[in-house]
Amino acid sequence: FVAEHLRSAPRDASVQPAVQCGLCIIRTQGQPLELLNDAIRSVFEQTVPMVPCVVVCCDMDRVSAIEAHVRAIAPAAVILRAPSSGRGKEQINVALDYLDRERDRFTFVSCIEEHHVLYPFYAARLAEAHELTGADISFALSTERGPGDARKLRHSALPTAALVAANFVPLECCLIRTDLLVRSRARFGDYMGGLEEWDFLLALL
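Residues numbered from 1 in each chain as written. Predicted model: local features only at pLDDT ≥ 70, side-chain atom pairs only at ≥ 80, totals over all residues. Heavy atoms only, no water.

1. Remarks on the packing of aromatic side chains
Here is the rule we go by: Two aromatic rings, drawn from Phe, Tyr or Trp (for Trp, its six-membered ring), form a pair once their centres lie within 6.5 Å of each other, and the interplanar angle then sorts them: stacked below 30 degrees, edge-to-face above 60, tilted otherwise. For helices the rule is a DSSP run of H or I covering at least 4 residues; for strands it is a run of E covering at least 2, with both sets numbered from the N terminus onward. Categorising residues by exposure relies on relative accessible area from a 1.4 Å probe, with only protein chains included: less than 20% of the type maximum marks a residue as buried, more than 50% marks it as exposed, and the intermediate range marks it as partly exposed.
In total, this model carries two aromatic pairs according to the counting rule given. Measuring from ring centre to ring centre gives 5.8 Å for F139 and F168, while their planes differ by 65 degrees; the resulting arrangement is edge-to-face. With F139 in strand β5 (residues 137-139) and F168 in the loop between β7 (152-153) and β8 (174-177), the pair connects residues that are 29 residues apart, well separated along the chain. A residue is classified by how much of its surface remains accessible, and F168, at 6% relative accessible area, is buried. Between F188 and F200 the ring centres are 4.1 Å apart and the planes differ by 15 degrees, which places this aromatic pair in the stacked class. One end of the pair, F188, is in the loop between α6 (178-184) and α7 (196-204); the other, F200, is in helix α7, and 12 residues separate them in sequence.

2. Details of the pairing of strand β3 (residues 78-81)
To keep it simple, the criterion reads: Two strands are counted as paired when DSSP detects at least two bridges linking them. With strands facing away from the observer, any crossover in which the path from the first strand over the helix to the second runs clockwise is taken as right-handed.
Summarising the sheet, strand β2 (residues 50-56) and β3 pair through four bridges and their orientation is parallel. Note on β3: the bridge partner recorded for C53 is V78. The β-α-β motif built from β2, the intervening helix α3 (residues 60-73) and the parallel element β3 has right-handed crossover chirality.

3. Overview of a nonpolar patch on the surface
We count it as follows: Each patch groups residues whose relative accessible area exceeds 30% and which form no salt bridge, using 9 Å between like charges and 5 Å between nonpolar side chains of Val, Leu, Ile, Met, Phe, Trp and Tyr. For the accessible areas, the method is Shrake-Rupley and the probe is 1.4 Å, while residue cover comes only from the protein chains on display. A pair is scored as a salt bridge if a Lys or Arg side-chain nitrogen falls within 4 Å of a carboxyl oxygen belonging to Asp or Glu.
Together, V164, L202 and L205 give the surface a local cluster of nonpolar side chains, amounting to about 220 Å² of exposed area. Inspection of the secondary structure assignment puts V164 in the loop between β7 and β8.

4. Describing unusual backbone geometry
A positive phi is found at F121, a non-glycine position, where the angle reads about 70 degrees. Along the chain, the position of F121 falls in the loop between β4 (108-113) and α5 (122-133). At R185, a residue that is not glycine, the phi angle is positive and equals roughly 60 degrees. Checked against the element boundaries, R185 lands in the loop between α6 and α7. Judged by its relative accessible area of 46%, R185 is partly exposed.

By themselves these figures say nothing about function.
Structure follows, in structure tokens:
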């Protein structure tokens, strides 16, 4: 599968921006706002330039308050409203449409939830992996820890072809080249019952 389809796939010859800049999509319902603050701050603290793109997914009576809060703490952030008909990861599609329109500004994209943060050097290390290997998707190993528990590995790295059988790439732990998203036109569906991330990654392949 890998030899026939992935390694032999023609690579897009589009010109990437001279200075790397990423877009970090943050999906939020604004509960609580302190978590959103931490997520946005972790994006600005990366050692390569990144712009937070906050996708607001909540009742209309709270949207304006959340947008005002984000503008107050991060004037440079992009703020988008998810369609009222959207649900689950499908709400992220509005940000992918924005990325498609602004493809010349961003070399890569990542995606987190409001209760996630990007660790220091996250974007720099994964963007470096893109440059050194020519990969379109790079991901970091993830860990998890319950209250009072020791940290443990969440997913193990597997060959790319293993994605056909199961998902081992957490969406919040990967960096994706913008030109791959533009070429593939991949979007999140609302028909997978919790498997939208896996379906999305397969669409990228």
